[in-house]
Amino acid sequence: MEIHSSLKRKSFLALTVYLAIVIAIIGSVSYLVVEPPIREQLEKNLDLRTELIASEIEEPLNSSVSILQSVVGIGNTNESQAHQAEMLYELFSVLDGVVVSGGLWPIPYSIDKKKAYSSLFFNRASDGLVDQVFSWDNPESGGYDNEIWYTAVVDKPPGTVVWSQVYIDPFTHVQMITASSPYFHDGEPAGVATIDVSLESLVEFVSKHAQDYELGIVLRDSYGDVITDYNFQVVKNIYMSSTEFGDFQWNIDVVNANRLVDEEAFYVVTKVEAGIIPMMLLCVVMGYVLINRFLISPIVLIAEKVNDSRTGAIDVRYNSQDEIRQLIDNFNQKTKFLEQEKQKAQASTKAKSAFLATLSHEIRTPMNGVLGTAQILMKTDLSKEQLKHMKTLYDSGDHMMTLLNEILDFSKIEQGFLELEEHPFPLESILGSVNSVYFTLCAEKGLQFKVYSEVPQGRWYMSDKARLRQVLFNLLNNAVKFTSRGYVEVNFCEFSQQGRNFLEIKVRDTGIGIAKEAHNKIFSPFEQAESSTTRRFGGTGLGLAIVKQISELMGGEITVTSELGIGTSFKVTLAMEPCEPHFLEIEEHKNLNYQGLKVLIVEDNRTNTIIMNTFMTSKGFECEVAENGEICLEKLVNNNYDLILMDNHMPIMDGVEATIAIRALTSSKAKIVILGCTADVFKETRERMVGSGVDYVISKPIDETELDDALYRFSDRLYQYKPGLRDRREVDPQHMEPLLVNFFMALDDKDFVSAEEYFQRIRNEIANPKDDLLIQTLNAVQEKLSSKEAPAQSDLDVLTISLNDYCG
């Protein structure tokens, strides 16, 4: 055939041209391709080493600021100098770090009108002994109020910290640096507090690190003076890693001491080329001969037949019983099979949404019973062991709901149903929730947690806050989960690109790390870095897949940098448009008095009915139950209610139909507060319920906190038929507050007899508490007082908060 012959001629020509030019270009091409990433990686490694050295130097200096603040605190006490001297002596006696001396330097004549200088300066010697030094009080020495470390801060506002230039201590001949901060009495400047930091250990650290890693290092202070250097030599074209760090604005320069970065990269590339070129030429020649003989000719023929075939099946005369023959036969079989599977897949996709809606409803309905019962039982009088098991039950159920929500979220993303909402919100609200949640979680695992924000103060965005929070919390959950020591940190910054504003989020940890070959796999659904990860740490493997999809939906992307055993860094960019602040008036949430109010619970599930009945009864409501919407209408016409809790899916008449019928009533009962309760979390269901007239929709499993918020939100209408009930108070605050003050004063004085008397009067004021947690707390406090012991602080905190609620 002409085509077959032509392909061979072209292949021979291509081989000849390739062999002629491959040697000429392989070196330059490999250098251009291999050298830049190698050099870049070497430079990154040097930059990372520089940052590590800087952080190791910065940490002890930053920690010394807290000691300075302690000295300032002693100065601010306005105590006598003798007492201040005792406190300073005790402080410097327990120090064991880089801070070797410090003290208080009052404004001249402020202590003694006849004596100019009255410093309290203490020095910790190498043997650990602390001495007070008086040499600075000699007026003939020039006076410490003329020293730069004094004049630089004496007239500065509270909290100012100024670092001195590095100097050599005249007695120990050790490099030192001094930090100064003003202190005040009654809002007026009273003097200067200082600490002196020895740099001896930092200098030793720099030298040792330079030796261990064959580096050249020079460390300079903020004035440009060299603090220390080791084997630092700058030559032409050398790559130098530099960074400025700390409030004291030091700078560190690092170079490779033995071999330049360019030399190292060129050496690696040369070795790669020496191994690749001969093997490549040999493989190309051999491969061409074999491929042309056994693959090119038959494949070209098959390709022509496939191109001519309209039905997908091909008819080729090929006598050899090898893989190509098998390919032809299987191709014809698979064509029919794939057509059938295509039809099945289309039908399955249509059924998927309906299945997930049913799955969500069917799981949430029994979980409402599990979590609701757990919430109720945790408020009863349980032993510590029972309470521990009950919390475990609740946390496990809550984790199950989290996994279910991840699956539903991913399903919506996969089908293109996930929609972003745009509402104004401040970034500070995200930062606050991140700090409040993950600072505690990290502290429990012994991890450091830090949040850095370079975003302008007071920044508001017009975007989807919930999805931003979901992205951030998914990344932080992974960081905390996979990190057992070290730190977790998150950094926020902004940048503009092609006229759009982007928010960049970096989440870094020092956890187990991710192998390079798994970097792409972790963003795939139901995948984790390795099979053992699920067994060790749990999870569905959907978290990062959801983050990736949300990031792309919000006009951004996610990337990862990680090494096994070192840690992981995720960088997410999201298109976020800044907007003007929208301030809302925030009302203080108080527990209301629901005694005398009547609620109709419309629910066909017996377990859910028991849960909601228990919740509402504990709040003081009188409860009645209707099994479906039709019975609900009959009861509403014949009775008076203040609130309706309406289920969605019910026989005979569902919640939507019942709500429409209620809102169509001509009497004032049409305005009754209706709270929807549904296990269906899809947006369409919520919109249908709200569109029918439901005031607010609460998801099952019911969270009692969300229920309380909803009741408070609609409290004006909740009391519309009985306004007098809202103004009732359980306890008169004018009686309660003095009793609480005297009670706590007696506890502070360890006068348990008086404390028990005041506590009995408090119990008499409360009379008949209906809050199980308050009753349990009162009994615990009473037991301790009867034994002449101080009650637990946690019980006192609960008592204070509960009584505050009782007082309105």
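- Within an unreviewed UniProt entry, the label attached to the protein chain reads histidine kinase, and the organism entered is Vibrio aquimaris.
- Under the heading Catalytic activity (unreviewed entry), UniProt records this for the protein chain: "ATP + protein L-histidine = ADP + protein N-phospho-L-histidine."

## Quick notes on helix α12 (residues 606–618)
Move 1: Here α12 is 13 residues long and its end C-alpha atoms lie 18 Å apart, about the 18 Å a rise of 1.5 Å per residue gives.
Move 2: Those residues of α12 that sit buried are Asn608, Thr609, Ile611, Met612, Phe615 and Met616. Taken end-on, α12 shows its buried residues confined to a sector of 165°, consistent with a single buried face.
Move 3: A side-chain oxygen of the first residue of α12 lies 3.0 Å from the backbone nitrogen of Thr607; this N-cap is Asn605.

## Regarding the pairing of strand β22 (residues 643–647)
Move 1: Where burial is concerned, most of β22 is hidden: 5 out of the 5 residues are buried.
Move 2: Because side chains alternate across β22, one face comprises the buried residues Leu643, Leu645 and Asp647, and the other comprises Ile644 and Met646, equally buried.
Move 3: When strand β20 (residues 598–602) meets β22, the two strands line up parallel, connected through 4 bridges. Within the sheet, the bridge partner assigned to Ile601 lies in β22 and is Leu645.
Move 4: In this sheet, strand β23 (residues 673–678) lies alongside β22 in parallel orientation, the contact comprising 5 bridges.

## A look at the sheet that holds strand β24 (residues 696–699)
Move 1: The parallel open sheet is built from 5 strands, whose spatial order is β21-β20-β22-β23-β24. Of all strands in the sheet, those bounded by a partner on one side alone are β21 (622–626) and β24. The sheet shows a mean angle of 25° between the axes of neighbouring strands, taken without regard to direction.
Move 2: Packed on one face of the sheet, helix α14 (residues 655–663) meets β22 and β23 and runs near 150° to β22.
Move 3: Contacts from helix α16 (residues 704–713) reach β22, β23 and β24, with the element oriented near 170° to β24.

## Some details on unusual backbone geometry
Move 1: Although it is not a glycine, Tyr109 adopts a positive phi angle of roughly 70°.
Move 2: Here Tyr109 lies in the loop between β1 (99–106) and β2 (120–124).
Move 3: In this structure Tyr109 comes out as partly exposed when scored by relative accessible area, which is 43%.
Move 4: Positive phi outside glycine occurs at Gln498, with the angle close to 55°.

Analysis parameters
- Position numbers for residues count from 1 along each chain, tracking the sequence in the order it is written.
- Per-residue local features of the predicted model are confined to residues with pLDDT of at least 70, and side-chain atom pairs are confined, for both listing and counting, to 80 or more; whole-chain, interface and lining totals are unaffected and use all residues.
- To get the side-chain values, take all heavy atoms of the structure and skip hydrogens and water.
- UniProt positions are given in the numbering used here, feature names are shortened, and annotations may be inferred rather than shown by experiment.
- Under the scheme used here, helices are H or I runs from DSSP no shorter than 4 residues and strands are E runs no shorter than 2 residues, and both carry numbers assigned from the N terminus.
- A helix is expected to span 1.5 Å for every residue after the first.
- Summary of the burial criterion: residues with accessible area below 20% of their type's maximum are buried, those above 50% are exposed, and those between are partly exposed, where the area comes from a 1.4 Å probe applied to protein chains only.
- Think of the arc as the fan of directions from the helix axis to the C-beta atoms.
- The definition of a polar contact used here is a pair of N or O atoms within 3.5 Å, where within protein one atom must be able to donate a hydrogen and the other to accept one, and adjacent residues in sequence count solely through side-chain atom pairs.
- One bridge is not enough; two strands pair if DSSP finds at least two bridges between them.
- A fitted line through C-alpha atoms represents every axis, and for helices the fit uses only the stretch in contact; the resulting angles, taken between N-to-C directions, go from 0 to 180 degrees.
- Residues count as neighbours in contact if any of their non-hydrogen atoms are within 4.5 Å of one another.

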